[in-house]
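Survey of secondary and tertiary structure
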Amino acid sequence: MKNIFKKIMVTALCASLTVPMLAGCGGGSGASGGVKILYSVCDNEDVFRKNLLAGIQGAAGSGVTVDVKECGNAVNDQVNDIASAEANGYDAIICRLTDAATAGQINAATNLPIIYVNNAPSSSNLKADKYLYVGSNEEQAGQMQVEYALKKLGNPKSMNIIILKGEKGHSATTGRTAAVKKALKDAGVDYNIVFSDYGPQWSPENGKAMLDAFYKTGQTVDAVFSNNDSMAMGAIESMQANGADFSKIPVMGVDATDDGKAAIKAGTMAFTVFQDGNGQGKAAVEAATALAKGGTVANIEGATDDHMYVWVPFEAVDASNVDKY
(Lines give C-alpha, C1' and ligand atoms only; values in the text may rest on other atoms or scores of the structure.)
Protein backbone atom coordinates (compact mmCIF):
# COMPACT_ATOMS: atom_id res chain seq x y z
CA MET A 1 0.00 0.00 0.00
CA LYS A 2 1.39 3.40 -0.97
CA ASN A 3 2.43 5.48 2.02
CA ILE A 4 0.22 8.47 2.65
CA PHE A 5 1.97 11.40 4.32
CA LYS A 6 -0.20 13.91 6.07
CA LYS A 7 1.43 16.87 7.77
CA ILE A 8 -0.44 18.55 10.53
CA MET A 9 0.92 21.93 11.61
CA VAL A 10 -0.94 23.40 14.52
CA THR A 11 0.34 26.76 15.74
CA ALA A 12 -2.48 28.04 17.89
CA LEU A 13 -2.31 27.42 21.60
CA CYS A 14 -4.42 24.41 22.51
CA ALA A 15 -5.93 24.56 25.96
CA SER A 16 -6.41 20.79 26.09
CA LEU A 17 -2.64 20.13 26.27
CA THR A 18 -0.93 20.53 29.60
CA VAL A 19 2.77 19.71 29.37
CA PRO A 20 4.53 19.35 32.73
CA MET A 21 7.25 21.93 33.41
CA LEU A 22 10.61 20.19 33.09
CA ALA A 23 13.23 22.46 34.59
CA GLY A 24 16.78 21.72 33.54
CA CYS A 25 15.85 18.99 31.03
CA GLY A 26 17.78 18.81 27.79
CA GLY A 27 17.04 17.46 24.33
CA GLY A 28 13.98 17.66 22.13
CA SER A 29 14.40 20.93 20.29
CA GLY A 30 12.77 20.28 16.89
CA ALA A 31 13.46 22.47 13.90
CA SER A 32 12.34 25.71 15.59
CA GLY A 33 13.03 24.97 19.23
CA GLY A 34 9.72 23.18 19.78
CA VAL A 35 8.89 19.47 19.87
CA LYS A 36 8.35 17.52 16.66
CA ILE A 37 6.42 14.23 16.95
CA LEU A 38 5.85 11.52 14.34
CA TYR A 39 2.59 9.60 14.58
CA SER A 40 3.05 6.28 12.76
CA VAL A 41 -0.20 4.39 12.12
CA CYS A 42 -1.45 1.70 9.73
CA ASP A 43 -4.47 3.84 8.74
CA ASN A 44 -7.12 6.05 10.28
CA GLU A 45 -10.21 4.39 8.79
CA ASP A 46 -11.51 2.63 11.90
CA VAL A 47 -14.01 4.66 13.94
CA PHE A 48 -11.94 4.59 17.10
CA ARG A 49 -8.68 5.38 15.31
CA LYS A 50 -10.36 8.46 13.84
CA ASN A 51 -11.24 9.60 17.38
CA LEU A 52 -7.70 8.87 18.52
CA LEU A 53 -6.27 10.90 15.62
CA ALA A 54 -8.57 13.80 16.49
CA GLY A 55 -7.28 13.68 20.06
CA ILE A 56 -3.66 13.69 18.91
CA GLN A 57 -4.28 16.57 16.50
CA GLY A 58 -6.19 18.53 19.11
CA ALA A 59 -3.39 18.16 21.65
CA ALA A 60 -0.73 19.65 19.37
CA GLY A 61 0.12 23.32 19.66
CA SER A 62 2.26 25.78 21.62
CA GLY A 63 5.48 24.61 19.99
CA VAL A 64 4.37 20.99 19.50
CA THR A 65 4.08 19.73 15.90
CA VAL A 66 2.62 16.33 14.98
CA ASP A 67 3.14 14.73 11.57
CA VAL A 68 1.03 11.69 10.64
CA LYS A 69 2.38 8.95 8.42
CA GLU A 70 0.24 5.98 7.38
CA CYS A 71 1.97 2.72 6.49
CA GLY A 72 -1.03 0.57 5.59
CA ASN A 73 -0.44 -2.95 6.87
CA ALA A 74 3.20 -2.99 5.78
CA VAL A 75 5.32 -3.73 8.83
CA ASN A 76 8.56 -3.03 6.95
CA ASP A 77 7.30 0.41 5.92
CA GLN A 78 6.45 1.23 9.52
CA VAL A 79 9.89 0.10 10.73
CA ASN A 80 11.59 2.14 8.00
CA ASP A 81 9.53 5.24 8.79
CA ILE A 82 10.51 5.03 12.45
CA ALA A 83 14.15 4.23 11.67
CA SER A 84 14.44 7.47 9.69
CA ALA A 85 12.50 9.63 12.15
CA GLU A 86 15.48 10.98 14.11
CA ALA A 87 17.35 11.94 10.94
CA ASN A 88 14.19 13.73 9.78
CA GLY A 89 14.22 15.93 12.87
CA TYR A 90 11.69 14.20 15.10
CA ASP A 91 12.05 14.24 18.88
CA ALA A 92 9.56 11.49 19.80
CA ILE A 93 7.26 8.93 18.19
CA ILE A 94 3.66 7.95 18.79
CA CYS A 95 3.06 4.54 17.23
CA ARG A 96 -0.05 2.51 16.54
CA LEU A 97 1.62 -0.84 15.86
CA THR A 98 0.58 -2.58 12.67
CA ASP A 99 1.56 -5.82 14.43
CA ALA A 100 2.04 -5.86 18.21
CA ALA A 101 4.64 -8.60 17.88
CA THR A 102 7.00 -6.19 16.10
CA ALA A 103 7.48 -3.82 19.06
CA GLY A 104 11.00 -5.10 19.74
CA GLN A 105 11.91 -4.43 16.13
CA ILE A 106 10.40 -0.95 16.33
CA ASN A 107 12.30 -0.17 19.54
CA ALA A 108 15.58 -1.27 17.96
CA ALA A 109 15.01 0.98 14.94
CA THR A 110 15.43 4.29 16.78
CA ASN A 111 16.92 6.03 19.81
CA LEU A 112 13.83 8.20 20.20
CA PRO A 113 11.20 7.68 22.93
CA ILE A 114 8.13 5.82 21.66
CA ILE A 115 4.58 6.11 22.92
CA TYR A 116 2.50 3.14 21.76
CA VAL A 117 -1.26 3.56 21.36
CA ASN A 118 -4.31 1.41 20.47
CA ASN A 119 -2.39 -1.86 20.10
CA ALA A 120 -0.39 -2.69 23.21
CA PRO A 121 2.97 -4.45 22.93
CA SER A 122 4.12 -7.01 25.46
CA SER A 123 5.29 -5.47 28.73
CA SER A 124 8.72 -6.97 27.99
CA ASN A 125 9.02 -4.39 25.18
CA LEU A 126 8.25 -1.43 27.44
CA LYS A 127 10.81 0.58 29.40
CA ALA A 128 10.29 3.29 32.00
CA ASP A 129 10.19 6.77 30.46
CA LYS A 130 11.38 5.40 27.12
CA TYR A 131 8.88 2.95 25.59
CA LEU A 132 5.34 3.43 26.98
CA TYR A 133 1.80 2.40 26.25
CA VAL A 134 -1.04 4.92 26.51
CA GLY A 135 -4.54 3.51 26.41
CA SER A 136 -7.31 1.95 28.44
CA ASN A 137 -6.93 -1.26 30.42
CA GLU A 138 -8.63 -3.82 28.17
CA GLU A 139 -9.47 -6.15 31.05
CA GLN A 140 -11.76 -3.49 32.49
CA ALA A 141 -13.93 -3.51 29.37
CA GLY A 142 -14.63 -7.24 29.52
CA GLN A 143 -15.24 -7.09 33.27
CA MET A 144 -17.76 -4.27 32.83
CA GLN A 145 -19.60 -6.17 30.10
CA VAL A 146 -19.97 -9.23 32.31
CA GLU A 147 -21.08 -7.23 35.34
CA TYR A 148 -23.82 -5.63 33.25
CA ALA A 149 -24.94 -8.91 31.64
CA LEU A 150 -25.21 -10.76 34.95
CA LYS A 151 -27.25 -7.97 36.52
CA LYS A 152 -29.48 -7.74 33.44
CA LEU A 153 -30.12 -11.48 33.37
CA GLY A 154 -30.66 -11.91 37.11
CA ASN A 155 -27.33 -13.55 37.96
CA PRO A 156 -27.81 -16.84 36.09
CA LYS A 157 -25.72 -19.86 37.01
CA SER A 158 -25.30 -20.93 33.39
CA MET A 159 -25.23 -19.08 30.07
CA ASN A 160 -24.85 -19.63 26.34
CA ILE A 161 -22.72 -16.79 25.04
CA ILE A 162 -21.29 -15.43 21.79
CA ILE A 163 -17.95 -13.58 21.73
CA LEU A 164 -17.12 -11.44 18.70
CA LYS A 165 -13.37 -11.11 19.05
CA GLY A 166 -12.11 -8.52 16.57
CA GLU A 167 -8.68 -8.50 14.96
CA LYS A 168 -6.57 -11.59 15.66
CA GLY A 169 -3.50 -10.76 17.74
CA HIS A 170 -4.72 -7.27 18.70
CA SER A 171 -4.25 -6.47 22.38
CA ALA A 172 -7.90 -5.39 22.68
CA THR A 173 -9.10 -8.70 21.23
CA THR A 174 -6.92 -10.68 23.61
CA GLY A 175 -7.55 -8.60 26.73
CA ARG A 176 -11.30 -8.10 26.37
CA THR A 177 -12.00 -11.72 25.42
CA ALA A 178 -9.90 -13.09 28.29
CA ALA A 179 -11.57 -10.71 30.73
CA VAL A 180 -15.07 -11.86 29.74
CA LYS A 181 -14.13 -15.48 30.35
CA LYS A 182 -12.38 -14.73 33.64
CA ALA A 183 -15.20 -12.56 34.97
CA LEU A 184 -17.80 -15.23 34.20
CA LYS A 185 -15.65 -17.89 35.85
CA ASP A 186 -15.03 -15.72 38.91
CA ALA A 187 -18.79 -15.19 39.20
CA GLY A 188 -19.34 -18.93 39.25
CA VAL A 189 -21.16 -19.00 35.92
CA ASP A 190 -21.09 -22.22 33.91
CA TYR A 191 -20.81 -20.59 30.48
CA ASN A 192 -20.90 -22.25 27.07
CA ILE A 193 -19.45 -20.37 24.10
CA VAL A 194 -21.88 -21.28 21.33
CA PHE A 195 -20.08 -19.17 18.74
CA SER A 196 -16.89 -17.11 18.59
CA ASP A 197 -14.71 -15.86 15.77
CA TYR A 198 -12.40 -13.05 14.74
CA GLY A 199 -13.46 -9.91 12.88
CA PRO A 200 -10.32 -8.75 11.05
CA GLN A 201 -11.68 -5.29 10.26
CA TRP A 202 -13.71 -4.84 13.48
CA SER A 203 -16.55 -3.95 11.10
CA PRO A 204 -20.35 -4.28 10.99
CA GLU A 205 -19.87 -6.66 8.06
CA ASN A 206 -17.75 -8.90 10.30
CA GLY A 207 -20.37 -8.88 13.03
CA LYS A 208 -23.23 -9.66 10.66
CA ALA A 209 -21.34 -12.51 9.01
CA MET A 210 -20.61 -14.08 12.39
CA LEU A 211 -24.21 -13.94 13.60
CA ASP A 212 -25.48 -15.18 10.23
CA ALA A 213 -23.18 -18.18 10.67
CA PHE A 214 -24.37 -18.70 14.25
CA TYR A 215 -28.04 -18.79 13.31
CA LYS A 216 -27.35 -21.60 10.87
CA THR A 217 -26.30 -23.80 13.82
CA GLY A 218 -29.77 -23.80 15.38
CA GLN A 219 -28.40 -22.98 18.84
CA THR A 220 -29.70 -20.44 21.35
CA VAL A 221 -27.81 -17.60 22.98
CA ASP A 222 -28.27 -15.65 26.21
CA ALA A 223 -25.79 -12.78 25.67
CA VAL A 224 -23.56 -11.37 22.94
CA PHE A 225 -20.19 -9.94 23.96
CA SER A 226 -18.64 -7.88 21.17
CA ASN A 227 -15.12 -6.47 21.43
CA ASN A 228 -16.31 -3.26 19.76
CA ASP A 229 -19.48 -1.41 18.80
CA SER A 230 -19.07 -1.74 15.04
CA MET A 231 -19.20 -5.55 15.10
CA ALA A 232 -22.13 -5.30 17.50
CA MET A 233 -24.01 -3.20 14.92
CA GLY A 234 -23.66 -5.95 12.34
CA ALA A 235 -24.64 -8.60 14.86
CA ILE A 236 -27.79 -6.64 15.70
CA GLU A 237 -28.74 -6.47 12.01
CA SER A 238 -28.52 -10.26 11.75
CA MET A 239 -30.37 -10.76 15.04
CA GLN A 240 -33.18 -8.49 13.89
CA ALA A 241 -33.56 -10.53 10.72
CA ASN A 242 -33.79 -13.65 12.87
CA GLY A 243 -36.38 -12.26 15.28
CA ALA A 244 -34.17 -11.79 18.34
CA ASP A 245 -35.73 -10.34 21.49
CA PHE A 246 -33.23 -7.69 22.61
CA SER A 247 -34.98 -7.30 25.95
CA LYS A 248 -33.91 -10.86 26.75
CA ILE A 249 -30.59 -11.10 24.87
CA PRO A 250 -28.25 -8.24 25.80
CA VAL A 251 -25.80 -7.20 23.10
CA MET A 252 -22.72 -5.46 24.52
CA GLY A 253 -20.00 -3.52 22.73
CA VAL A 254 -17.02 -1.31 23.44
CA ASP A 255 -16.14 2.27 22.38
CA ALA A 256 -19.45 4.16 22.77
CA THR A 257 -19.42 5.20 19.11
CA ASP A 258 -22.24 7.35 17.75
CA ASP A 259 -23.83 4.25 16.22
CA GLY A 260 -23.44 2.36 19.48
CA LYS A 261 -25.07 5.11 21.53
CA ALA A 262 -27.92 5.37 19.03
CA ALA A 263 -28.46 1.61 19.30
CA ILE A 264 -28.66 1.86 23.09
CA LYS A 265 -31.28 4.59 22.77
CA ALA A 266 -33.18 2.40 20.28
CA GLY A 267 -33.05 -0.57 22.66
CA THR A 268 -31.17 -2.90 20.31
CA MET A 269 -27.81 -2.70 22.11
CA ALA A 270 -27.90 -2.91 25.87
CA PHE A 271 -24.48 -1.73 26.93
CA THR A 272 -21.17 -0.35 25.75
CA VAL A 273 -17.94 0.83 27.32
CA PHE A 274 -16.75 4.36 26.58
CA GLN A 275 -13.17 4.40 25.36
CA ASP A 276 -11.91 7.96 25.37
CA GLY A 277 -10.01 8.29 22.08
CA ASN A 278 -9.59 12.04 22.54
CA GLY A 279 -8.30 11.51 26.05
CA GLN A 280 -5.87 8.84 24.89
CA GLY A 281 -4.60 11.08 22.09
CA LYS A 282 -4.08 13.98 24.48
CA ALA A 283 -2.24 11.76 26.97
CA ALA A 284 -0.03 10.32 24.21
CA VAL A 285 1.04 13.77 23.04
CA GLU A 286 1.58 14.88 26.63
CA ALA A 287 3.79 11.84 27.30
CA ALA A 288 5.70 12.19 24.03
CA THR A 289 6.36 15.87 24.74
CA ALA A 290 7.61 15.18 28.25
CA LEU A 291 9.99 12.45 27.09
CA ALA A 292 11.18 14.49 24.11
CA LYS A 293 12.32 17.09 26.63
CA GLY A 294 14.24 14.46 28.59
CA GLY A 295 11.63 14.31 31.32
CA THR A 296 9.34 11.73 32.88
CA VAL A 297 5.66 10.80 32.75
CA ALA A 298 5.46 10.77 36.54
CA ASN A 299 3.21 13.85 36.67
CA ILE A 300 0.85 12.76 33.91
CA GLU A 301 -2.59 11.67 35.11
CA GLY A 302 -2.98 7.90 34.87
CA ALA A 303 0.74 7.11 34.78
CA THR A 304 1.67 3.89 36.56
CA ASP A 305 4.39 3.76 39.21
CA ASP A 306 6.71 1.90 36.83
CA HIS A 307 6.37 4.71 34.22
CA MET A 308 5.54 2.20 31.47
CA TYR A 309 1.80 2.84 31.13
CA VAL A 310 -0.57 5.79 31.13
CA TRP A 311 -4.13 4.56 31.65
CA VAL A 312 -7.20 6.46 30.49
CA PRO A 313 -10.16 4.82 32.28
CA PHE A 314 -13.03 3.04 30.56
CA GLU A 315 -16.56 4.12 31.53
CA ALA A 316 -19.72 1.99 31.57
CA VAL A 317 -22.56 3.22 29.33
CA ASP A 318 -26.18 2.02 29.23
CA ALA A 319 -29.63 3.51 28.80
CA SER A 320 -29.41 5.23 32.19
CA ASN A 321 -26.47 7.45 31.28
CA VAL A 322 -26.00 7.31 27.50
CA ASP A 323 -27.07 10.94 27.07
CA LYS A 324 -23.96 12.02 29.00
CA TYR A 325 -21.79 10.74 26.17
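Please read all numbers here as calculations on a predicted model, not as lab measurements.

Before going further, it helps to examine the pairing of strand 8 (residues 190-197). Of the pairings in the sheet, the one linking strand 7 (residues 158-164) to strand 8 comprises seven bridges and is parallel in character. Within strand 8, the residue paired with Met-159 across the bridge is Tyr-191. Traced from strand 7 through helix 5 (residues 171-186) to strand 8, the parallel crossover comes out right-handed.

Per the stated rule, a full pass over the model turns up five aromatic pairs. Taking 6.2 Å as the distance between ring centres and 70° as the angle between the ring planes, the aromatic pair formed by Tyr-133 and Trp-311 counts as edge-to-face. Residue Tyr-133 is found in strand 6 (residues 131-135), and its partner Trp-311 is found in strand 12 (residues 309-311); the two are separated by 178 residues along the sequence. Overall, Tyr-133 belongs to the buried group, its relative accessible area being 2%.

Turning our eyes to something else, we now look at the packing of helix 6 (residues 204-215) against helix 7 (residues 229-241). In contact at an axis separation of 6 Å, helix 6 and helix 7 are set at 40° when each is read in the N-to-C sense. One element, helix 6, and the other, helix 7, form an angle in the oblique class. The crossing of helix 6 and helix 7 is right-handed. In this structure, helix 6 contributes Pro-204, Asn-206, Gly-207, Lys-208, Met-210, Leu-211, Asp-212 and Tyr-215 to the contact, and helix 7 contributes Ser-230, Met-231, Gly-234, Ala-235, Glu-237, Ser-238 and Met-239. Grouping the constituent residues of the contact of helix 6 with helix 7 by class yields seven nonpolar, five polar and three charged.

Time to look at helix 1 (residues 47-59). Taking 1.5 Å per residue, 13 residues should reach 18 Å; helix 1 reaches 19 Å between its end C-alpha atoms and fits that length. For helix 1, the complete set of buried residues consists of Phe-48, Arg-49, Leu-52, Leu-53, Gly-55, Ile-56 and Ala-59. For helix 1, the angular spread of the buried residues around the axis is 160°, confining them to a single face. On the buried face of helix 1, the contacting elements are strand 2 (35-41), strand 3 (64-70), strand 4 (92-95), strand 5 (114-117) and helix 9 (277-292). The residue sitting at the N-terminus of helix 1 and contributing the capping side-chain oxygen is Asp-46; that oxygen lies 2.9 Å from the backbone nitrogen of Phe-48. Positioned one or two residues after helix 1, Gly-61 has a phi angle of 135°, which is positive.

With respect to the helices and strands, the residue Asp-67 is situated in strand 3. Despite being buried, Asp-67 has no salt bridge partner; Lys-36 is the closest side chain of opposite charge, sitting 4.4 Å away. In terms of polar contacts, Asp-67 uses its side chain to reach the side chain of Tyr-90, at 2.6 Å.

Turning our attention to the packing of helix 1 against helix 9. Interaxial distance between helix 1 and helix 9 falls to 7 Å at its minimum, and their mutual angle equals 45°. Relative to helix 9, helix 1 is oriented oblique. In this structure, helix 1 crosses over helix 9, and the sense of that crossing is right-handed. Of the residues in helix 9, those touching helix 1 at Phe-48, Asn-51, Leu-52, Ala-54, Gly-55, Ile-56 and Ala-59 are Gly-277, Asn-278, Gln-280, Gly-281, Lys-282 and Val-285.

Over the atoms, a rolled probe matching the size of one water molecule traces out where space is still vacant. The calculated volume of the largest pocket comes to roughly 380 Å³. Lining the largest pocket are 20 residues, with Asp-46, Arg-49, Pro-200, Gln-201 and Trp-202 sitting closest to its centre. Within the residue set of the lining of the largest pocket, elements represented by two or more residues are helix 1 and helix 7. By residue class, the composition of the lining of the largest pocket is seven nonpolar, five polar and eight charged. Roughly 240 Å³ of volume is contained in the second largest pocket. The leading source of residues in the lining of the second largest pocket is helix 9, at four residues.

This next bit is on the environment of Ile-106. Note on placement: Ile-106 falls in helix 3 (residues 103-108). In this structure the C-alpha to C-alpha distance between Ile-106 and Asn-80, which are 26 residues apart in sequence, comes to 9.0 Å. When residues no more than four places from it in sequence are discounted, the contact partners of Ile-106 are Gln-78, Val-79, Ile-82, Leu-97, Ile-114 and Tyr-116.

The next subject is the environment of Lys-208. Along the chain, Lys-208 falls in helix 6. Put simply, Lys-208 and Ala-235 are 27 residues apart on the chain and 4.6 Å apart in space, counted from C-alpha to C-alpha. Those residues in contact with Lys-208, other than ones at most four positions away along the chain, are Gly-234, Ala-235, Glu-237 and Ser-238. For Lys-208, the side chain forms a polar contact with the side chain of Asp-212, separated by 2.8 Å.

To continue, consider empty space enclosed by the protein. Tallied over the entire structure, the rule returns one cavity of 30 Å³ or more. The volume enclosed by the largest cavity comes to roughly 140 Å³. What lines the largest cavity is a set of 15 residues, among which Asp-46, Phe-48, Asn-118, His-170 and Trp-202 lie closest to the centre. For the lining of the largest cavity, the secondary-structure elements that each account for two or more residues are helix 1 and helix 5. Residues of the lining of the largest cavity, tallied by class, amount to four nonpolar, five polar and six charged.

Parameters at a glance
Residues numbered from 1 in each chain as written. Predicted model: local features only at pLDDT ≥ 70, side-chain atom pairs only at ≥ 80, totals over all residues. Heavy atoms only, no water. Pairing = 2+ DSSP bridges. Helix = DSSP H or I, 4+ residues; strand = E, 2+ residues; numbered from the N terminus. Right-handed = clockwise from strand over helix to strand, strands pointing away. Phe/Tyr/Trp six-rings, centres within 6.5 Å; stacked < 30°, edge-to-face > 60°. Buried < 20%, exposed > 50% of the residue type's maximum accessible area, 1.4 Å probe, protein only. Axes fitted to C-alpha atoms, helices over the stretch in contact; angles between N-to-C directions. Parallel < 35°, antiparallel > 145°, perpendicular 65-115°, else oblique. Left-handed = near helix turned anticlockwise from the far one by under 90°. Contact = heavy atoms within 4.5 Å. Nonpolar A, V, L, I, M, F, W, Y, C, P; charged D, E, K, R; others polar. Expected span 1.5 Å × (residues − 1). Arc of directions from axis to C-beta. Polar contact = N/O pair within 3.5 Å; in protein donor to acceptor, adjacent residues only side chain to side chain. Lys, Arg positive; Asp, Glu negative; His and termini not counted. Salt bridge = Lys/Arg side-chain N within 4 Å of Asp/Glu carboxyl O. 1 Å grid on protein atoms, 1.4 Å probe; cavity = no way out; pocket = protein on both sides within 12 Å on 5 of 7 lines; lining within 4 Å. Points joined across faces, edges and corners; volume = space filled by probe spheres on them.

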